[in-house]
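The primary structure of each chain is shown beneath.
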Amino acid sequence: MNIKMIEEYLNKGIKDVIKQFPPVADILNEYKIGCTTCGVGTCLLKDIVQIHNLPAEDEEILMARITKIIYPDQEVKIPTVKKKKEQVRPEDSLSEGKKPSEIKYSPPMKRLVDEHTLIKRWLAFIPAMVNNLDIKSEKDRRLILAGVDFIRSYADKYHHAKEEEILFKYFDPNLDILKVIHQDHETGRGYVRLIVDALDKQDSKTIAENLNAYKELLTEHIKKEDEILYPWMDRNLSTTQTGELFSKFNNSDKQFGDAPKNYEAFIARLEKGA
Amino acid sequence: MGALEGCPGSRMVDMRKKEAEGTPAVDVASQLRQWPIQLHLVGPSAPYYQGADVLLSADCVAYALGDFHPKYLKGKSIAIACPKLDEGQEVYEEKIKSLIDDAKINTLTVMIMEVPCCMGLLTLAKQAAASAKRKVPIKYLVVGVQGEIIKDEWATN
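As a convention, each chain's residues are numbered from 1 in the sequence order in which they are written. Chains carry letters from A onward and ligands carry numbers from 1 onward, assigned in written order. Reporting in this predicted model follows two pLDDT cut-offs: at least 70 for local features of residues, and 80 or more for side-chain atom pairs to be given and counted; totals over whole chains, interfaces and linings ignore these cut-offs and use all residues. To obtain the side-chain values, all non-hydrogen atoms of the structure were included, while hydrogens and water were left out.

Examining the sheet that holds strand E1 (residues 53-58) of chain B
Residue and element names in this part refer to chain B. Let me state the cut-off plainly: A strand pair is defined by DSSP finding two or more bridges across the two strands. Numbering of helices and strands starts at the N terminus; helices are DSSP runs of H or I of at least 4 residues and strands are runs of E of at least 2. In this analysis, axes come from line fits to C-alpha atoms, helices being fitted only over the stretch in contact, and the angle between any two N-to-C directions falls in the range 0 to 180 degrees.
Reading across the sheet, the 5 strands line up as E2-E1-E3-E4-E5 and stay open at both edges, with mixed pairing between neighbours. One side of each edge strand has no neighbouring strand; the edge strands of this open sheet are strand E2 (77-81) and strand E5 (149-154). Strand after strand, the sheet turns through a mean of 15° between neighbouring axes, direction not considered. As defined by bridge partners, strand E4 (residues 138-143) adjoins E5 across 5 bridges and the pair is classed as antiparallel. From the neighbouring strand, valine 142 faces E5, where its bridge partner is lysine 151.

Some points on the interface of chain B and chain A
Basically, it comes down to this: By definition, residues are in contact when any of their heavy atoms lie within 4.5 Å. In this description, buried area is defined as the sum, over both parts, of the accessible area (probe of 1.4 Å) that is lost when the two are combined. Whenever a carboxyl oxygen of Asp or Glu lies within 4 Å of a side-chain nitrogen of Lys or Arg, that contact is scored as a salt bridge. Residues adjacent in sequence count toward polar contacts only when both atoms are side-chain atoms; beyond that, a polar contact is any pair of N or O atoms within 3.5 Å, and within protein one must be able to donate a hydrogen and the other to accept it.
On the chain A side, the residues contacting the 10 residues of chain B number 11 residues. When chain B packs against chain A, close to 870 Å² is buried across both sides, 61% of that on carbon and sulfur atoms. If you sort the residues of chain B by the area they bury against chain A, Asn106, Pro137 and Trp154 of chain B come out on top, with a joint share of 51%. Taken together, the links from chain B to chain A amount to 1 salt bridge. At the surface where chain B touches chain A, the tally comes to 4 residue pairs in polar contact (both at pLDDT 80 or more). Breaking the side of chain B that touches chain A down by element, the ones donating at least two residues are strand E3 (107-113) and E5 of chain B.

Points about unusual backbone geometry
Definition in use: Working definition: with a 1.4 Å probe on protein chains only, accessible area under 20% of the residue-type maximum means buried, over 50% means exposed, and in between means partly exposed.
Tryptophan 35 of chain B connects to proline 36 of chain B through a cis peptide bond whose omega is 5°. Position of proline 36 of chain B relative to the elements: it lies in the loop between helix H1 (18-21) and E1. The phi dihedral of glutamine 202 of chain A falls on the positive side, at around 55°, and the residue is not glycine. Along the polypeptide, glutamine 202 of chain A turns up in the loop between helix H8 (176-200) and helix H9 (204-236). The phi angle at lysine 104 of chain B is positive, at roughly 50°, despite the residue not being glycine. Inspection of the secondary structure puts lysine 104 of chain B in the loop between helix H4 (89-101) and E3. The exposure class assigned to lysine 104 of chain B is partly exposed, which follows from its relative accessible area of 49%.

Some remarks on the state of the cysteines
All names here are of chain B. Stated formally: Pairs of cysteine sulfur atoms within 2.5 Å are identified as disulfides in what follows.
For the structure on display, the rule yields 0 disulfides over all chains. Unpaired in terms of disulfides, cysteine 118 finds its nearest cysteine sulfur in cysteine 117, a separation of 6.2 Å. Cysteine 118 sits in the buried class, given a relative accessible area of 6%.

See the structure below:
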């Protein structure tokens with residue numbers, strides 16, 4: 001195998017690779033690498049393999065299988081699995097056909113994951129809100145506005161601001177994964193603007209379409225951050241940097257006073273149907 | 001009493017065959033940047049603790065780990081203690097609390113041996129952190145008697 005040949009694809013965006021070689025998507029899915037559903041897909045194949053932190057043996061097999069698809073006529077050796085006790089925790093190895101173990105986050109990253117939990121609770125409420133929406137009803141219009149306020153104040157100002165203004169500053173802004181995350185944030189802000197415009201025009205169809213689009217975007221976005229981005233960042237941050245992040249998050253949160261608690265109460269009321 | 005009986009903390013283990021696999025002796029620079037280091041002797045107001053990443057290490061850890069200085073001590077201020085043998089451990093809790101609240105340390109890394117009694121040092125650190133007004137991330141590493149890292153995780157407070 002000519003190394004330069006595979007390097008050409010390692011440096012290609014994943015969406016282009018999948019477009020040219022669709023079976024690559026099935027292999028990535030097998031390893032729980034969910035690039036096939038990513039709306040952007042500009043991450044390079046080599047970065048994707050690195051960022052998912054597969055056990056060394058799994059990564060080797062994955063790359064051999066992808067290479068075999070790209071160069072079917074070339075001899076590709078798929079290595080046999082050898083366990084390295086110090087590198088591979090058995091519960092993490094997909095070669096064993098087992099599910100990955102629970103992800104352990106550093107305290108600042110855990111806080112972001114916990115904030116996602118509240119956002120997901122609001123996303124879960126969207127289908128019921130869309131199905132029962134009566135745009136002529138003052139109560140329903142207020143509910144949409146309260147939802148927009150939750151997105152803008154909690155999800156965006158409180159949560160995304162911690163990411164964009166603090167966490168991401170520790171990494172190279174040219175990283176493809178960060179560009180994808182920024183793009184998701186911007187796309188979400190665009191949906192919210194369209195919801196507000198449609199509310200003024202009492203256009204329930206556009207409101208429903210953009211609420212559903214927001215739900216779909218954020219669901220995938222949160223999964224990407226919880227399962228891929230944050231664990232990768234944790235692996236790349238030093239202990240000192242993690243401590244700094246924790247302290248900066250505390251300072252950032254202080255600016256919001258009791259607002260986060262009020263939003264938790266808002267979601268709890270929605271869930272109770274109040 | 002046989003070699004495999006009794007308290008794991010004091011059970012005899014003969015590891016002499018490891019000597020043959022060892023790397024040749026080289027000079028490794030010390031990363032220690034303070035004195036004293038024993039938790040009874042240190043004061044949280046010492047300048048090297050202010051805003052620092054602090055390593056709270058069980059006494060045996062530095063002997064078990066071959067690369068303790070360059071890999072784990074480097075860049076950190078240290079305090080050492082033995083949760084099994086030391087007396088007056090209520091003072092330890094107060095000192096750790098003061099490191100968090102008064103010295104405003106950045107992080108606390110607790111390194112302990114795999115033997116069950118050593119877990120007491122992590123418990124002590126967690127108790128001190130729970131009673132402190134400030135919160136800091138606490139990391140803990142469990143070291144095997146053969147010198148391997150068994151666990152390296154952030155603690156949940």
